[in-house]
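Chain by chain, the residues run as shown.
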Amino acid sequence: MKTNSLQYKLWMSGTGLFLCFFLVIHLLGNLQLFLPPDRAREQFNWYSHLLAGNIIIEIIAYVLYASIIGHTVYAIILTVKKSKANGTKYVYDKRGVSSVWYSRNMGLLGTIIFLFLIIHFKDFWYQYKFTNLPLDAKGNKDLYTIVEKAYQQLWYVLVYEVALIALGFHLLHGFFSAARTLGVFHPKYVRWVKVVGWVYTTVIILGFMAMPVYVYLNSL
Amino acid sequence: MRLKLKIWRQEAATQPGAMVDYMLDDVSEHMSFLEMIDLLNETLVGKGERVVEFDHDCREGICGQCGMMINGRAHGPLPNTTTCQLHMRSFKDGDTIYIEPFRAAAFPIVRDLKIDRSGFDRVIQAGGFISASTGQPPEANSILISHDVTEAAFDAAACIGCGACVATCKNSSAALFTSAKITHLALLPQGKLEAADRVVNMVDQMEAEGFGHCSNTEACEVECPQSISVLHIARMNFEYNKALVMKP
């Protein structure tokens, strides 16, 4: 069996769904930011330390890095194949009216998310893993202060909100599209996938969007 | 009514094409879109110019031969309608209408609005059939099948292969066309036996022809004259994944 676009799509689907799963865990963990600031600091730093020392979490982290890279690489391959398949361009193109805009612009949304991830990794992941952060009262690395300082800047909060909106539309199409690539064809379950996709996206995105805003408002 | 037409003119696949402007008078709103082009061609013949070439056959919306991009949409502004079933009452006096061929690398332009869709034929040849020994017709009721399944198979078989799905897809994917045939045969008892080979061969041929991937925008379903459901694409993916796992 030759490698073809459908197999690339399966990789997109698999990596995408793993990233969806990761977002749930990430959101649940970060809910600790909503505690009163003093408790949040203690608990959040303890939680970060717990994750950093766990072998299972470490394995999942490598799957996560691989998924981000794989999802991006396969997206680029498919985009190149797509422009070859398109041939000459239409002089007058109104094809956009027959589908929703975010389904046609997954590449653009993905690029925004990728750029955001560079900032996100640099400011938190890199800081935590590769720099000597001061310790909190319990002797854990004080990641909470980094988070707090970052979200005290309005422009930084705005960057997060915009990136999360892009992520929201990406998830809205991505979740359902992944299920379709896997072959969910029965009308009964297709309806469910759409509903679950909407609920999932709304909860994830509103949850993440609230965090920077909450920390920012608390600092005023 | 009086119309300004901007039509893609191209001598041959190897030569560059361009949009050419035409003014056309006395267009009746009762004309079909193809009759409107017939009228234009009559005026061109009168002037000694080469006519605008386009594909057409039955002109009653069932053959799948006609197809062009009209004002940037496959088969024009109406959803689920062939070009021949689009009538000039959908336009008004003084309108400018852009007319282009369906574009995709796998659909090379033959001339003007005429394209080569033989890529579709080769996808069908790769597996869109059942291997049956010929001979006496068997007793029809000897193969058990429920009414719902026959109806579902027929819904898939209704595809007329016009190519609007490819033309309207941002990735120039032939997924709707190919999946309709795969689903049609996968549902029927006669087709089930070769389902795994069929889906692999047809998907490989679709790739070899240079069609793009499906990113599930569902635009194809909107433009499809036969309202072929995108769920057939899901069914094709299911059959393909099953073959990936189960096929020896």
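Residues numbered from 1 in each chain as written. Chains lettered and ligands numbered in written order. Predicted model: local features only at pLDDT ≥ 70, side-chain atom pairs only at ≥ 80, totals over all residues. Heavy atoms only, no water.

### Quick look at the interface of chain A and chain B
At step 1: Counting residues at the interface gives 40 residues for chain A, matched by 48 residues for chain B.
At step 2: Across the pair Glu 218 of chain B and Arg 180 of chain A runs a salt bridge whose closest N-O atoms are separated by 2.5 Å.
At step 3: Linking chain A to chain B there are 28 residue pairs in polar contact (both at pLDDT 80 or more).
At step 4: Elements with a contribution of two residues or more to the side of chain A that touches chain B: helix H1 (5-30), helix H3 (55-86), helix H4 (101-104), helix H7 (154-182) and helix H8 (187-219) of chain A.
At step 5: Of the residues belonging to the side of chain A that touches chain B, the class tally is 15 nonpolar, 13 polar and 12 charged. (Contact = heavy atoms within 4.5 Å. Salt bridge = Lys/Arg side-chain N within 4 Å of Asp/Glu carboxyl O. Polar contact = N/O pair within 3.5 Å; in protein donor to acceptor, adjacent residues only side chain to side chain. Helix = DSSP H or I, 4+ residues; strand = E, 2+ residues; numbered from the N terminus. Nonpolar A, V, L, I, M, F, W, Y, C, P; charged D, E, K, R; others polar.)

### Side note on the packing of aromatic side chains
At step 1: According to the stated counting rule, one finds 27 aromatic pairs over all chains in the structure shown.
At step 2: Taking the centre distance of 6.0 Å and the plane angle of 5° together, the rings of Trp 11 of chain A and Tyr 74 of chain A count as stacked. Taken as a pair, Trp 11 of chain A in helix H1 and Tyr 74 of chain A in helix H3 lie far apart in primary sequence, 63 residues in all.
At step 3: Their ring planes at 35° and their centres at 5.3 Å tell us that Tyr 102 of chain A and Phe 169 of chain A sit as a pair that is tilted. You can see Tyr 102 of chain A sitting in helix H4 and its partner Phe 169 of chain A sitting in helix H7, a full 67 residues away along the chain.
At step 4: Taking the relative accessible area as the measure of exposure, Tyr 102 of chain A reaches 14% and is therefore buried.
At step 5: Here the aromatic cluster, defined as three or more aromatic residues joined through ring pairs, consists of Tyr 62, Tyr 65, Phe 121, Trp 125, Tyr 126 and Phe 130 of chain A.
At step 6: Between Lys 141 of chain A and the ring centre of Tyr 128 of chain A, over which it is positioned, the NZ or CZ distance is 5.2 Å.
At step 7: Here Arg 103 of chain B stacks its cationic end above the ring of Trp 8 of chain B, 4.0 Å away from the centre of that ring. (Phe/Tyr/Trp six-rings, centres within 6.5 Å; stacked < 30°, edge-to-face > 60°. Buried < 20%, exposed > 50% of the residue type's maximum accessible area, 1.4 Å probe, protein only. Lys NZ or Arg CZ within 6 Å of the ring centre and 35° of its normal.)

### Comments concerning the domain arrangement of chain B
In many reports, interface size means the accessible area that the parts give up when they come together.
Residue and element names in this part refer to chain B.
At step 1: Here chain B is partitioned into domain 1 (3-111) and domain 2 (117-246).
At step 2: Between domain 1 and domain 2, the residue contacts involve 22 residues of the former and 21 residues of the latter.
At step 3: Summed over both partners, the interface of domain 1 with domain 2 buries about 1500 Å², with 55% contributed by carbon and sulfur atoms.
At step 4: When residues of domain 1 are sorted by the area they lose upon contact with domain 2, Asn 80, Ala 106 and Phe 107 head the list and together hold 38% of the total.
At step 5: For the pair domain 1 and domain 2, the number of links is 2 salt bridges.
At step 6: For the salt bridge of Glu 223 with Arg 73, the shortest nitrogen-to-oxygen distance reads 2.9 Å.
At step 7: Where domain 1 touches domain 2, the interface holds 7 residue pairs in polar contact (both at pLDDT 80 or more).
At step 8: Residues belonging to the side of domain 1 that touches domain 2 are distributed by class as follows: 11 nonpolar, 8 polar and 3 charged. (Domains from an automatic or database assignment. Buried area = accessible area lost by both parts, 1.4 Å probe.)

### Remarks on the side chain of His 87 of chain B
Residues and elements named next belong to chain B.
At step 1: In this fold, His 87 is placed in the loop between strand E4 (73-74) and strand E5 (96-100).
At step 2: There is a polar contact of 3.1 Å between the side chain of His 87 and the backbone oxygen of Gln 85.
At step 3: Sequence-distant contacts of His 87, defined by excluding residues within four places in its chain, comprise Glu 29, His 30, Met 31, Ser 32 and Phe 33.

### Some details on the environment of Glu 221 of chain B
Residues and elements named next belong to chain B.
At step 1: Tracing the backbone through its elements, the reader meets Glu 221 in helix H8 (residues 219-223).
At step 2: Each C-alpha atom, one on Glu 221 and one on Asn 80, is 7.9 Å from the other, the two residues being 141 residues apart in sequence.
At step 3: Sequence-distant contacts of Glu 221, that is, excluding residues within four places in its chain, are made with Asn 80, Leu 176, Ile 228, Ser 229 and Val 230.
At step 4: Among the polar contacts listed, one links the side chain of Glu 221 to the backbone nitrogen of Val 230, at a separation of 2.8 Å.

### Points about the pairing of strand E1 (residues 3-9) of chain B
All names here are of chain B.
At step 1: Here E1 lies mainly inside the structure; 6 of its 7 residues are buried.
At step 2: Pairing between E1 and strand E2 (residues 18-24): 7 bridges, direction antiparallel. Bridge pairing links Lys 6 to Asp 21 in E2.
At step 3: In this structure, E1 lies alongside E5, joined through 4 bridges in parallel fashion. Within E5, the residue paired with Lys 6 across the bridge is Tyr 98. (Pairing = 2+ DSSP bridges.)

### Some remarks on the nonpolar core
Most often, soluble globular proteins have nonpolar side chains that are buried together.
At step 1: Residues Leu 5, Phe 33 and Met 36 of chain B are the most contacted members of the largest nonpolar core, which totals 66 residues.
At step 2: Residue contributions to this core peak at 7 residues, all from helix H1 (residues 33-46) of chain B.
At step 3: Each of domain 1 (3-111) and domain 2 (117-246) of chain B accounts for three or more of the residues forming this core.
At step 4: Of all hydrophobic cores here, the second largest spans 35 residues; its members include Ala 40, Phe 44, Val 157 and Ala 163 of chain A. (Core = buried A, V, L, I, M, F, W, Y, C linked by side-chain atoms within 4.5 Å.)

### Structural notes on the UniProt feature "transmembrane region" (unreviewed entry) in chain A
Residues and elements named next belong to chain A.
At step 1: Here, UniProt's "transmembrane region" (unreviewed entry) annotation points to residues 12-35, 55-80, 101-121, 154-176 and 197-217.
At step 2: For residues 154-176, the end-to-end C-alpha separation is 33 Å, with 100% helix and 0% strand making up the annotated structure.
At step 3: Here residues 197-217 runs as 100% helix and 0% strand, with 30 Å between its end C-alpha atoms. (UniProt positions renumbered as here; feature names shortened; annotations may be inferred.)

### Observations concerning the layout of surface pockets
Residue and element names in this part refer to chain B.
At step 1: Looking at the second largest pocket, its volume works out to about 260 Å³.
At step 2: In terms of lining residues, the second largest pocket is bounded by 17 residues, among which Phe 120, Asp 121, Ile 160, Gly 161 and Phe 177 are the most central.
At step 3: Broken down by secondary-structure element, the contributors of at least two residues to the lining of the second largest pocket are helix H2 (118-125), helix H3 (147-157) and helix H5 (175-187).
At step 4: With 4 residues, the top contributor of residues to the lining of the second largest pocket is H2. (1 Å grid on protein atoms, 1.4 Å probe; cavity = no way out; pocket = protein on both sides within 12 Å on 5 of 7 lines; lining within 4 Å. Points joined across faces, edges and corners; volume = space filled by probe spheres on them.)

### Some thoughts on the side chain of Ser 13 of chain A
Residues and elements named next belong to chain A.
At step 1: By secondary structure assignment, the location of Ser 13 is in helix H1.
At step 2: Classification of Ser 13 by relative accessible area gives buried; the value is 3%.
At step 3: At a separation of 3.2 Å, a polar atom in the side chain of Ser 13 contacts the main-chain carbonyl oxygen of Ala 178.
At step 4: Not counting residues within four places of it along the chain, the set of residues in contact with Ser 13 comprises Ala 178, Thr 181 and Leu 182.

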